[in-house]
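Observations on chain architecture
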Amino acid sequence: MGDDDTIFFTENLVTVLAKYDHNEMYYIGGNSESMEQNVAHTYDMAYGGGGFAISYPLVAALVKILDGCINRYAALFGSDHKVQACISEIGVQLTKELGFHQTDIRGNLYGLLAAHPMAPLVSLHHPTP
């Protein structure tokens, strides 16, 4: 899942997801690069702009509780935060992958990209200023 202004690097996404057993429950993504955003929302959430992946078994479990769960968390900001809260009720934690980028940073992205960790670049949110 991702926003309409998120670019996914498909080959890298496939490489990253291939490490995981698709028969298990997984919630895979990354935090924001902004400490301010992580503190305001949560460090346990994959940000929707950076995108996240949910395995089929987790989707099957999520579908059963989603309507009621979304209503319980109506006060949370953003669908990504609501989905994270519902997933946490199932007992699945975020599996962090460094290649998902929310890019809630100001200014030029060059430093982030030049110092990118030794991980495949999976996504970039807000690719233009």
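Refer to the structure presented above.
This structure is a prediction, so every number in the text was calculated from the model and none was measured.

1. Section: the overall build of the chain
- Of the regular secondary structure elements, the chain holds five helices and five strands.
- Listed N to C, the secondary structure of the chain is β-α-β-α-β-α-α-β-α-β in terms of helices and strands.
- A compact globule built from 129 residues should have a C-alpha radius of gyration of about 14 Å, and the chain, at 15 Å, falls within 12% of that.
- Structurally, the chain occupies a C-alpha span of about 40 × 35 × 20 Å along its principal axes.
- Counting all 129 residues of the chain, 39% fall into the buried class.
- The long-range fraction of contacts in the chain, counting pairs at least 24 apart against all pairs at least 6 apart in sequence, stands at 68%.
- On the chain, roughly 7600 Å² of surface is accessible, and the fraction owed to carbon and sulfur atoms is 57%.

2. A word on the state of the cysteines
- Enumeration over the complete set of coordinates arrives at one disulfide.
- Between the sulfur atoms of Cys69 and its disulfide partner Cys86 the distance amounts to 2.0 Å. Since a negative S-S torsion denotes a left-handed disulfide, the Cys69-Cys86 link at about -115° is left-handed. Within this pair, whereas Cys69 is found in helix 3 (residues 56–72), its partner Cys86 is found in helix 4 (residues 79–90), the two being separated by 17 residues in sequence.
- Assessed through its relative accessible area of 0%, Cys86 is described here as buried.

3. Considering the sheet that holds strand 2 (residues 27–29)
- Here three strands make up an open sheet; going across it, the order is 3-2-4 and the pairing mixed. Looking at the sheet topology across the chains shown, the edges are occupied by strand 3 (52–54) and strand 4 (94–96). Averaged over all pairs of adjacent strands, the angle between their axes in this sheet comes to 25°, without regard to strand direction.
- As defined by bridge partners, strand 2 adjoins strand 3 across three bridges and the pair is classed as antiparallel. By the bridge assignment, Ile28 is partnered in strand 3 with Ala53.

4. Observations regarding helix 3
- With 17 residues, helix 3 should cover 24 Å at 1.5 Å per step; its first-to-last C-alpha distance of 23 Å lies within 8% of that length.
- Leu66 marks the point of greatest bend in helix 3, at about 60°.
- Looking only at helix 3, the buried set comprises Pro57, Leu58, Ala61, Leu62 and Cys69.

5. Overview of a nonpolar patch on the surface
- A contiguous nonpolar surface patch, about 330 Å² in accessible area, is contributed by Met35, Val39 and Tyr43.
- Tracing the sequence through the fold places Met35 in helix 2 (residues 35–40).

6. Looking at the side chain of Asn31
- Counting through the fold element by element, Asn31 comes out in the loop between strand 2 and helix 2.
- At a separation of 2.7 Å, a polar atom in the side chain of Asn31 contacts the main-chain carbonyl oxygen of Tyr43.
- One polar contact links the side chain of Asn31 to the main-chain carbonyl oxygen of Met45, over a distance of 3.2 Å.
- For Asn31, the residues in contact, after removing those within four places along its chain, are Asn38, Thr42, Tyr43, Asp44, Met45, Tyr47, Leu94, Lys96, Phe100 and Gln102.

7. A look at the nonpolar core
- Core analysis: the largest hydrophobic core is formed by 13 residues, its most contacted members being Tyr27 and Ile87.
- Elements supplying a minimum of two residues to this core: helix 3 and helix 4.
- Leu13, Tyr20, Ala53 and Val122 belong to the second-largest nonpolar core, a separate cluster that totals seven residues.

Thresholds, definitions, all that
Residues numbered from 1 in each chain as written. Predicted model: local features only at pLDDT ≥ 70, side-chain atom pairs only at ≥ 80, totals over all residues. Heavy atoms only, no water. Helix = DSSP H or I, 4+ residues; strand = E, 2+ residues; numbered from the N terminus. Rg over C-alpha atoms; globule rule 2.2 N^0.38 Å. Buried < 20%, exposed > 50% of the residue type's maximum accessible area, 1.4 Å probe, protein only. Contact = heavy atoms within 4.5 Å. Areas by Shrake-Rupley, 256 points an atom, 1.4 Å probe, with all protein chains shown as cover. Disulfide = S-S within 2.5 Å. Pairing = 2+ DSSP bridges. Axes fitted to C-alpha atoms, helices over the stretch in contact; angles between N-to-C directions. Expected span 1.5 Å × (residues − 1). Bend = angle between axes of the 7 residues up to and from the residue. Patch = residues over 30% accessible without salt bridge, like charges linked within 9 Å, V, L, I, M, F, W, Y side chains within 5 Å. Salt bridge = Lys/Arg side-chain N within 4 Å of Asp/Glu carboxyl O. Polar contact = N/O pair within 3.5 Å; in protein donor to acceptor, adjacent residues only side chain to side chain. Core = buried A, V, L, I, M, F, W, Y, C linked by side-chain atoms within 4.5 Å.

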